[in-house]
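Residues per chain, in single letters:
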Amino acid sequence: MTHYGGIDIGSRTIELVVVDEAGQVCASLQCDTGYDPLAATRSLIDAAPFDRIMATGYGRTLFEISFESRTVTEIKAHARGARALFGDAATIIDIGGQDSKAIALLENGRVKKFEMNDRCAAGTGKFLEIMARTLGFTIDDFGREALQAQNALTISSMCTVFAESEVTSLIAKGEDPRNIALGLHHSVIRRAAAMINRVSSAGDVVFTGGVARNPCMTELLAKQLGRRVLVPDEPQRIGALGAALLLMEEH
Amino acid sequence: MSIDYQTMWTDLGLDLTSHDALLNVLGTAYRDIYLAQENRPETMAYFDFVMSEVHGLRIKELLDEKAAGRKIIGSYCVFVPEEMVLAANATLVGLCSGADFAMEEVEKLLPRNTCALIKSSFGFKLGKVCPYLESADMIVGENTCDGKKKAYESLRPLVDNLYVMDLPQVKSANGKALLKSEYLRFMEALQELTGVAVTTESLRSGIKTVNAKRNAIHRLSALRAADPAPISGLDALLANQVFFYDNPARFTDAVNKICDELEQRVASKSGVCPVGTPRILVSGCPQAVPNWKLPMIVENSGAIIVGEESCVGERGTRNCVDESGSTVDQLIDAIVERYFQVDCAIFTPNTDRLAHIEEMVKAYRADGVIHYGLQFCQPYLMEAIPVEKALEEKGIPCLRLETDYSMEDAGQLTTRVEAFVEQLR
Ligand code: SF4
Ligand code: SF4
């Protein structure tokens, strides 16, 4: 039996998913990217056996060169991964550590259109992470805390540096950190929703990438869009799953 | 680099240290991007030579021409009629620059949110690194986009030979009359500069020279319709870039030689990439030397560029001038007729451009269009949205990119381009 690996080398974490010939997941591993992504990758690969591998994510080229693997963009990988879990997915939003993408699919599952955020961290996991730290929340609690807010404060800046100083001055004014947190979530969601609306105007939206684990993000996104938002169990591994499935289908 | 070039550059007032730095970057980029390509036509060797001597031999030729009494005219836009320049015994060189230089100095004179092309033209002046600019007896600016229009006001104190041409913005009878009167005014300025009167013969001969150059490029473009493509987009872009610098007759000859070789390739069904490689039309802002960023990314992502809907490309070379007029005035009318059809985004409305993009998609059998917009270029970025919409309605995939000359966003651009190429497969 041949096993196919998909590895997604992101800015924060590296995900490895291995599937069998039937596309069933037989292993799923994760580690932090850290300062030496190649070493991190090697430790993951050693832990899960596979016969062939396909890389995706921003570090895919690095991996391609070191391990002579094939590569696929995150866009196609997330499209494939989302389809595996939600058979008729037509719109996907992927918010990862350093970028975000909205993807519209054709009926046959091929990519019809996509949009990506600009070069800065605005609207990505990195933005939320820095803001959580400024407010003294862990990234895992950030969304839950925001959901407890009484009302959302307006954060006008999407630039990480400016937003951080805005947050600092709100804290100094004695504002409830939860209200600030909700405001920050709102500002990321407005961007994500606008990006989704540019590629597709109706139907369910599949939310992938690490940020989809944040319950406040998913709730706000559904409200902002007025559309159903579907979140896979492990949204951060959809890219790796997609890469593994694409590889399997080639053979 | 030989010693007489050093003297030549010093005499031109170049800053040798910065200039060396520029040549170094250019040389490395050319080696990594151009010479690293596989399967290039052998006749491209001519362009390798031209590029290796772009600040050397070609400048020496221009200086020799000057010594013999010819004048050099520098231009920033394809609206400056080379036919007239040649007829007045002068040589036209393109000054559009495709690299960031002396940015700190530039940003003292121009706001940050100015397009890279305009900033670059200032950078080359302020950094004293462009021998073409320094050789020119007249620098022609034109009132096209607002950025350029206002930038020429700031350029004026930096150069003592700036001539500004007004251009219409609407394709109306009045617009055409304005273009004609501005071309007549330009011709007078040329005659005054060179002391040579334009005659029917000299103007017709200028027209023939430039038409021949355009015809050679048209021939090259048509060959790119073949699958597999016989030449890379990078190499074809280079030919379109050198169009602005080289001696016209020699250039025409060199391009025709390439076409001879490409014809054989097409006949034997060989090319620079496998049959079925995704084919892309690039449309949008001009890509001046050494701005090879986008084609490099596209062609490293497993696609091939088969046409440029751009001023350094088909927008700049489309249509020839009718040679049949028997008076200077008739020939000028023919020149006006030809240039008035240029579908630059500074015109409103500019519906011809969309029609041309669609025509080019068909003619070169492109699978998709990448719209290339320079950051802060209002005219082309604005047009990009309706262009994308119209193409999508026709089922032609379109990727809208906005970038500049820095390599900061290369990773992001690569992901976008690769995903687009996956979409076309
Ligand atoms: S894009 Fe417009 S302004 Fe620029 S060179 Fe072309 S015609 Fe001139
Ligand atoms: S690229 Fe756009 S903004 Fe820049 S000079 Fe050309 S038309 Fe003007």
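The numbering scheme is per chain: residues are counted from 1 as the chain's sequence reads. Ligands are numbered from 1 and chains lettered from A, in the order in which they are written. In keeping with the predicted nature of the model, local features appear solely for residues at pLDDT of at least 70, side-chain atom pairs appear and are counted solely at 80 or more, and the whole-chain, interface and lining totals rest on all residues. Think of the side-chain values as coming from all heavy atoms in the structure, minus any hydrogens and water.

### Focus on the overall build of chain B
The number of helices and strands found in chain B is 19 helices and 8 strands. Here the C-alpha atoms of chain B give a radius of gyration of 21 Å, agreeing with the 22 Å that 2.2 N^0.38 yields for 425 residues. When each of the 425 residues of chain B is scored for burial, the buried share is 61%. A sequence separation of at least 24 residues applies to 76% of the contacts in chain B between residues at least 6 apart. Per-residue and other accessible areas follow the Shrake-Rupley method at a 1.4 Å probe size, with only the shown protein chains counted as cover for residues. Accessible surface, chain B as shown: approximately 16400 Å² in total, 53% of it carbon and sulfur. Under the convention used here, Asp and Glu are negative, Lys and Arg are positive, and both His and the chain ends fall outside the count. Charge placement uses NZ in Lys and CZ in Arg. For Asp and Glu, CG and CD serve respectively. For chain B, the separation between the mean place of its 43 positive charges and that of its 60 negative charges on side chains is 2 Å. Comment: elements are numbered from the N terminus, with helices defined as DSSP H or I runs of at least four residues and strands as E runs of at least two. Both definitions apply: the radius of gyration is a C-alpha atom measure, and the globule rule equals 2.2 Å times residues to the power 0.38. Per-residue accessibility, obtained with a 1.4 Å probe over protein chains only, is compared with the maximum for each type, and a residue is labelled buried under 20%, exposed over 50%, and partly exposed between these values. Contacts: residue pairs with any heavy atoms within 4.5 Å of one another.

### Observations regarding the packing of aromatic side chains
Given two aromatic rings, one states the distance between the centres and the angle between the planes to describe the pair. The rule is short: rings of Phe, Tyr and Trp, with Trp giving its six-membered ring, pair when the centres are within 6.5 Å, and they are stacked under 30 degrees, edge-to-face over 60, tilted in between. This model, assessed by the stated rule, comprises 17 aromatic pairs over all chains. With centroids separated by 6.0 Å and ring planes inclined at 40°, the aromatic side chains of A:F137 and A:F142 adopt a geometry described as tilted. Seen in terms of ring centroids, B:Y163 and B:F186 are 5.7 Å apart; in terms of plane orientation they differ by 50°. Their pairing is tilted. One end of the pair, B:Y163, is in strand 4 (residues 162-165); the other, B:F186, is in helix 10 (residues 173-194), and 23 residues separate them in sequence. For B:F186, a relative accessible area of 0% gives the class buried. Among the aromatic residues, those joined into a cluster by ring pairs are B:Y46, B:F47, B:F243, B:F244 and B:F251. Looking at B:K213, its charged tip hangs above the ring of B:F243, at a distance of 4.2 Å from the centre. For B:R338, the ring lying beneath its charged end belongs to B:Y339, and the centroid distance is 4.5 Å. Counting as a charge over the ring demands two things of the Lys NZ or Arg CZ atom: a distance within 6 Å of the ring centre and an angle within 35 degrees of the ring normal.

### Quick word on the interface of chain A and chain B
On the chain B side, the residues contacting the 17 residues of chain A number 21 residues. The term buried area means the drop in 1.4 Å probe accessible area that two parts suffer when joined, counted for both and summed. Both faces combined, the contact of chain A with chain B buries some 1500 Å², and carbon together with sulfur accounts for 40% of it. The rule for a salt bridge is simple: a side-chain nitrogen of Lys or Arg has to be within 4 Å of a carboxyl oxygen of Asp or Glu. Here B:E388 and A:K113 are joined by a salt bridge, their closest N and O atoms 3.1 Å apart. Polar contacts here mean pairs of N or O atoms no more than 3.5 Å apart (in protein, one a potential hydrogen donor and the other a potential acceptor; neighbouring residues in sequence count only if both atoms are side-chain atoms). The interface formed by chain A and chain B includes 11 residue pairs in polar contact (both at pLDDT 80 or more). Of all the elements in the fold, those that place two or more residues in the side of chain A that touches chain B are helix 3 (74-85) and strand 8 (111-116) of chain A. The dominant element in the side of chain A that touches chain B, judged by the number of residues it contributes, is strand 8 of chain A, at 6 residues. Each residue is assigned to one of three groups, with Ala, Val, Leu, Ile, Met, Phe, Trp, Tyr, Cys and Pro labelled nonpolar, Asp, Glu, Lys and Arg labelled charged, and all others, Gly among them, labelled polar. Residues that form the side of chain A that touches chain B fall into these classes: 5 nonpolar, 2 polar and 10 charged.

### Thoughts on the sheet that holds strand 3 (residues 138-142) of chain B
Residue and element names in this part refer to chain B. The pairing criterion for strands is at least two bridges between them, as found by DSSP. Across the sheet, which stays open at both edges, the 4 strands sit in the order 2-1-3-4 with parallel pairing between neighbours. The open sheet has two free edges, formed respectively by strand 2 (90-94) and strand 4, since each of these has just one partner strand. Going across the sheet, the axis of each strand differs from the next one's by a mean of 30°, ignoring polarity. Lines fitted to C-alpha atoms define the axes here, with helix axes fitted over just the stretch in contact, and angles between the N-to-C directions of these axes take values from 0 to 180 degrees. Here helix 10 sits on the sheet and contacts strand 1 (71-75), strand 2, strand 3 and strand 4; the angle it forms with strand 4, its principal contact strand, is near 160°.

### Describing the nonpolar core
Put simply, buried Ala, Val, Leu, Ile, Met, Phe, Trp, Tyr and Cys residues joined by side-chain atoms within 4.5 Å make one nonpolar core. Ranked by internal contacts, the top residues of the largest apolar core, which has 144 residues, are B:F47, B:F79, B:F186, B:L203 and B:W292. Bear in mind that the domain bounds are from an automatic or database domain assignment. In this structure, this core is formed jointly by two domains, domain 1 (1-86 + 233-251) and domain 2 (89-231) of chain A, each of which donates at least three residues. Counting residues in hydrophobic clusters, the runner-up holds 40 residues, among them A:I93, A:L153, A:I155 and A:A192.

### Here's the deal with the packing of helix 3 of chain A against helix 9 (residues 238-250) of chain A
Residues and elements named next belong to chain A. Direction vectors running N to C along helix 3 and helix 9 enclose 90°, while the axes themselves pass 7 Å from each other. Between helix 3 and helix 9, the crossing angle belongs to the class labelled roughly perpendicular. Contacts between helix 3 and helix 9 involve K76, A77, H78, R80, G81, A82, A84 and L85 on the former and, on the latter, I238, G239, L241, G242, A243, L245, L246 and E249. Its residues placed into classes, the contact of helix 3 with helix 9 shows 9 nonpolar, 4 polar and 3 charged. Note on angle classes: values under 35 degrees are labelled roughly parallel, values over 145 roughly antiparallel, values of 65 to 115 roughly perpendicular, and the remainder oblique.

### Points about the sheet that holds strand 5 (residues 279-284) of chain B
Residue and element names in this part refer to chain B. As summarised here, the arrangement of the 4 strands in space is 6-5-7-8, forming an open sheet in which the pairing is parallel. The open sheet has two edge strands, strand 6 (304-309) and strand 8 (398-403), and neither has a second partner. Direction aside, neighbouring strands of the sheet carry axes that sit 25° apart on average. In this sheet, strand 6 lies alongside strand 5 in parallel orientation, the contact comprising 5 bridges.

### Comments concerning the pattern of salt bridges
Residue and element names in this part refer to chain A. Across all of its chains, the model carries 54 salt bridges over all chains by this definition. A salt bridge links D94 to K101, with the shortest nitrogen-to-oxygen separation between them at 3.4 Å. No difference in accessibility class separates D94 from K101, as the two residues are buried. A salt bridge links K101 to D99; the shortest N-O distance between them is 2.9 Å.

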